[in-house]
Amino acid sequence: MTSPITLASQLSALTVFALLGLYLLGRKTANPIRTAMALACLANSGWALMLVLFPLRYTIPLLSDLAEFIRDYFWMAFLLKAMITPDSPAPALLGSLQRLLRILLGLTLVILLYNQWSGANALDMMPKSDLVLHVALSIFGMMLVEQYFRNTPVHARWGIKFMCLGLGTMFVYDFLLYAEGLLFSHVRGTLWIARGFINTLTAPLILVSVLRNREWAKQIHVSRHLVFHSVSLFGSGLYLLFMAAAGYYLRSVGGDWGPVLQFTFLAAASLLLLVVLFSGKIRSKFKVWINKHFFSYQYDYREEWMKFTRTLLSSDSPGKIYEAAITALGTLVECQKGALWMESDPGKNYECVAALGIEMAPRPLPPDSSLIQFLSRSRWVINLDEYLPKTPPYPDLVVPDWLSRIEDAWLIVPLMLYNQLIGFILLAQPLSKIEFNWEVSDLLKAAGHQLANSLAQQRASEALLVARQFESFHRMSAFIVHDLKNVIAQLSLLLENAEKHKHNPEFQEDVLFTIDHSVTKMNQLLLRLRGASTAQEHRSIDLHQLVRAALLSKSKFKPTPSLTVQKNAWISADPDRLERVIGHIIQNACEATPYDGHVEILLDSSPTEAILEIQDSGKGMEEDFIKERLFRPFDSTKTSGMGIGAYECRTYMEELGGRVLVSSTVGKGTCFRLSFPLSSGPLNEVYTDASNHTE
């Protein structure tokens, strides 16, 4: 007598799947995928009907078993139908899955006919062959669901994810049910009764996907990566299944030693499986086998190119890019060893710059050698397994003996940048035998072009870095020469007046002060040249005192500048550099002004900034000159000028957060207006001037 719970479980599954199947068949427009789903739903309903008519497999086990297998096969056929489309990129793989499903169908019929006469018609007497077949089918079903979901484009998974969740739950539950039965030699009755409710819960999920996918015409991309892992998982499951059956057999025939033999055998089988799965050589051979027998092309170019790019960019420092280039090219052909030769300079020898797994070749190759000439002319990938001197396909190629004697040497890949050979890579034999054909050659040549671009860019970056270092050194040298010129000008002015004023005590005092100031400046220049003081020391500065010091250093110029202080200010800057900048503007103003003219300096401040104006009555400048040439480095109208004073002024003012404004009228004079951001006042170090110079 069937219990109410059992009847409710099976009737619920019977009802919901019958309604779902009729709903799908009642649609106006025909669609093969939707039709396959409708048939699977009706098969699921028929299986539930068999369980209602023949509960717990007591009366006619063949019918209930057959109904369950038909249900599974219809769901698997639907998944294959959904994956196989006219635009499917891997029909060979899906065709292989179809053939495997037909083999399982034939095996099922044979086992059902055999078990019909075995007398096992109860849950606790289900034959082992029946349980093994159910476990195998559930594993195959889970693999199909995983393949369908993973190979559906990401934007299209929204429509199928609930159906995959429902079907996956159905197959996972069957796997747990029959795996437990195989382990404990009987199927638990409560798990068996709950199957109807479990199937009923999956129906709403399938209906959601039906409503989201009215056409069921999704294009599936079968990834080699997913095929490899799915086939590995399926094969591992079957292997463990057969090993478990063998262990059970050993236990049944081993007597007292049976349990020991069973667990020892299972441990050894599991260890063997782990060794196989973690063997790089076996994995490599397995990948090659999958590419040959399941796919039309040997490579998944999108995956290979992404892997190639990731490997090339994985170097953690610019110096490691050569090793990364060898590794990136080697991954395309399952090769872990190689060496890279690069052109040292245009027209120079090709030298070995990196090697992985093989000894670096000490000999460079001259550009007129046979190998270099052949690679430059033909751009071929050379297969050393096919190479014989003066024979096709390399009749005019002579490979150096020391290169051909490198252990396991296999391929020589040219690195072409436009029409120039900048290097080549030697690859050793791969982990598994790979047939060298046009597809391998084209892939390596394309990768070689990309590597050439990356390596050339790396070399250009290194050359640019060196050029910038030289530029920085030359720029510093120009500033130093400019400062030396100013020091020499001050000392020359002293010499000009020495004969006339050498007995004047005030002149002698000025001479000593100027010489001391010049020595201090020259010592600072030496420190800068030696790199002992490269960092700028910003401190809070009394701008009035700094301007006085700059005036003192230019006091010998004519006309003598005058200083007017309306309101003093404190700013933050490097005092030596700022004094040099202000002193340069004062000197230029004096040099541009006749002796009877004037140079006036005004210091003022506002609540937000300090203002320093240097006004002269010299010859002035044109507006176009101010806009286009005044602040351009190394551009000067003076024959003895360096052309960097105004450039340094504007550059340093921008570093301080200030600005420089220049106004000038030809024949009337020029005004430089410097604006500085204010500091909060005297800090730890205060710049002061100890001289007695007055305005």
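Residues numbered from 1 in each chain as written. Predicted model: local features only at pLDDT ≥ 70, side-chain atom pairs only at ≥ 80, totals over all residues. Heavy atoms only, no water.

1. Brief notes about the overall build of the protein chain
Scanning the protein chain from N- to C-terminus turns up 20 helices and 13 strands. Within the span of the protein chain, comprising 695 residues, buried residues form 45% of the whole. Partitioning the contacts of the protein chain with sequence separation of at least 6, the portion at a separation of at least 24 is 71%. Just so you have it, the protein chain exposes about 35,900 Å², and 61% of that area is on carbon and sulfur atoms. (Helix = DSSP H or I, 4+ residues; strand = E, 2+ residues; numbered from the N terminus. Buried < 20%, exposed > 50% of the residue type's maximum accessible area, 1.4 Å probe, protein only. Contact = heavy atoms within 4.5 Å. Areas by Shrake-Rupley, 256 points an atom, 1.4 Å probe, with all protein chains shown as cover.)

2. Description of the environment of Ser-540
Mapping Ser-540 onto the fold places it in strand 6 (residues 539-542). In this structure Ser-540 comes out as buried when scored by relative accessible area, which is 0%. In sequence terms Ser-540 and Leu-678 are 138 residues apart; their C-alpha atoms lie 9.5 Å from each other. Engagement of the side chain of Ser-540 in a polar contact is seen with the side chain of Ser-679, the distance being 3.4 Å. (Polar contact = N/O pair within 3.5 Å; in protein donor to acceptor, adjacent residues only side chain to side chain.)

3. Notes on a nonpolar patch on the surface
The grouping of Leu-39, Leu-66, Ile-70 and Phe-74 at the surface amounts to a nonpolar patch, some 280 Å² of accessible area in total. Looking at the nonpolar patch element by element, the count peaks at three residues for helix 3 (residues 61-83). With respect to the helices and strands, Ile-70 occurs in helix 3. With relative accessibility at 36%, the residue Ile-70 sits in the partly exposed group. (Patch = residues over 30% accessible without salt bridge, like charges linked within 9 Å, V, L, I, M, F, W, Y side chains within 5 Å. Salt bridge = Lys/Arg side-chain N within 4 Å of Asp/Glu carboxyl O.)

4. A short note on the nonpolar core
Among the nonpolar cores identified, the biggest contains 37 residues, and Ile-582, Leu-674 and Phe-676 are the most heavily contacted of them. Looking at this core, the elements that each hand over two or more residues are helix 17 (543-553), strand 8 (570-573), helix 18 (575-592), strand 9 (599-605), strand 10 (609-616), helix 20 (645-656) and strand 12 (669-677). When residues in this core are grouped by element, the largest group, seven residues, is from helix 18. Apart from residues no more than four positions distant in its own chain, Leu-674 is found in contact with Ile-582, Ile-585, Ala-610, Ile-611, Leu-612, Cys-649, Met-653, Arg-659 and Val-660. One finds Leu-24, Trp-75, Leu-79 and Leu-80 within the second-largest nonpolar core, a separate group that totals 34 residues. (Core = buried A, V, L, I, M, F, W, Y, C linked by side-chain atoms within 4.5 Å.)

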